[in-house]
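# Structural characterization, general
Residue-level listing of the chains:
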Amino acid sequence: MKITKIVSYQLKDLNQSLINSLEILGWEYDLFEKQINVNFDLNAYSWGSTLEIELVNEQTLKLVYKTNFPLQIYDWGDSNRKIRKLMTELKRFEVLERLD
């Protein structure tokens, strides 16, 4: 199963806000030049999964969520919940910047 989303934010430093958001969520990640991979272990909804986050430009992210087991068709909303959590954290940084 694979889900792809493109999202944009009005942040001064999207990359740093993204890293801060991942740390707030307590998600372990691997940092590459233009991509961050977040690996999730086996849980009740999937056999494990990966969220690939690519910095497309200074304001846009490409989020690709993949389950680790290629024959898995459903994850019972786990992917959407995780993507929503990350997007909510990034929105908080966006609001905080507007208040400054």
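Residue positions are given per chain, counting from 1 as you read along its sequence in written order. Totals for whole chains, interfaces and linings use every residue, but because this is a predicted model, local features are given only for residues with pLDDT of at least 70 and side-chain atom pairs only at 80 or more, for both listing and counting. With hydrogens and water set aside, each side-chain value is computed from the structure's full complement of heavy atoms.

This part is about the overall build of the protein chain. Helix and strand assignments follow DSSP, with helices taken as H or I runs no shorter than four residues and strands as E runs no shorter than two, numbered in order from the N terminus. For the protein chain, the helix and strand inventory stands at two helices and five strands. Tracing the protein chain from N to C terminus, the helices and strands come up as β-α-β-β-β-β-α. Radius of gyration (C-alpha) of the protein chain: 14 Å, near the 13 Å computed for a compact globule of 100 residues. C-alpha extents for the protein chain along the principal axes are approximately 45 × 25 × 20 Å. With a 1.4 Å probe rolled over the protein chains alone, any residue whose accessible area is under 20% of its type maximum counts as buried; one over 50% counts as exposed, and the rest are partly exposed. Counting every position in the protein chain, which comprises 100 residues, the buried fraction comes to 38%. We compute the radius of gyration from the C-alpha atoms alone; for a globule the expected value is 2.2 Å times N to the 0.38, where N is the number of residues.

Let's shift gears to the nonpolar core. We call a set of buried residues a nonpolar core when its members are Ala, Val, Leu, Ile, Met, Phe, Trp, Tyr or Cys and they connect through side-chain atoms within 4.5 Å of each other. With 21 residues, the main nonpolar core has Leu51, Ile53, Leu61 and Leu86 as its most contacted residues. Secondary structure elements with two or more residues in this core: β1 (2-8), α1 (14-25), β3 (35-40), β4 (49-57), β5 (60-67) and α2 (78-99). Residue contacts follow a heavy-atom distance rule, with two residues in contact if any of their heavy atoms lie within 4.5 Å. Not counting chain neighbours up to four residues away, the residues in contact with Ile53 comprise Leu18, Leu22, Lys34, Gln35, Ile36, Val38, Leu61, Lys62, Leu63 and Leu86.

This part takes up the sheet that holds β5. When DSSP finds at least two bridges between two strands, those strands are taken to pair. Strand order across the open sheet formed by five strands is β1-β5-β4-β3-β2, with antiparallel pairing between neighbours. Both outer strands of the open sheet, β1 and β2 (29-31), are each paired with one neighbouring strand and no more. Taken over all neighbouring pairs, the strand axes of this sheet differ in orientation by 15° on average, direction set aside. Inspection of the sheet shows β1 paired to β5 by seven bridges, in the antiparallel sense. Following the sheet pairing, Thr4 is matched in β5 by Val64. Those strands touched by α2 are β1, β3, β4 and β5, and its axis lies near 155° from that of β5. Fitted lines through C-alpha atoms serve as axes, helices being fitted only where they are in contact, and the angles separating the N-to-C directions of these axes extend from 0 to 180 degrees.

Attention now goes to the packing of aromatic side chains. When two rings of Phe, Tyr or Trp (its six-membered ring) have centres within 6.5 Å they constitute a pair, described as stacked for plane angles under 30 degrees, edge-to-face for angles over 60, and tilted for the intermediate range. Scanning the entire structure with this criterion turns up three aromatic pairs. Judged by centre distance (5.0 Å) and plane angle (90°), the rings of Trp27 and Phe40 are edge-to-face. Here Trp27, found in the loop between α1 and β2, pairs with Phe40, found in strand β3; they are 13 residues apart in sequence, far enough to count as distant. Note on accessibility: Trp27 and Phe40 belong to one class, buried. Chaining the aromatic ring pairs together yields one cluster made of Trp27, Phe40 and Tyr65.

Let's shift gears to α1. Taking 1.5 Å per residue as the helical rise, α1 with its 12 residues ought to reach 16 Å, and the 16 Å between its terminal C-alpha atoms agrees with that figure. Lining the buried residues of α1 we find β2, β3, β4, β5 and α2. At the exit of α1 stands Gly26, carrying a positive phi of roughly 75°. The span you would expect from a helix comes to 1.5 Å times its residue count less one.

Let us look at the pattern of salt bridges. Here, a salt bridge means any side-chain nitrogen of Lys or Arg that lies within 4 Å of a carboxyl oxygen of Asp or Glu. Summed over the entire model, instances satisfying the criterion amount to six salt bridges. Notably, a salt bridge pairs Lys91 with Glu94, separated by 3.2 Å at the nearest N-O pair. Of the two residues, Lys91 and Glu94 both sit in helix α2, three residues apart, roughly one turn of that helix. With relative accessibility at 3%, the residue Glu94 sits in the buried group. In this structure, a network of salt bridges that share partners links the residues Asp78, Arg81 and Lys82.

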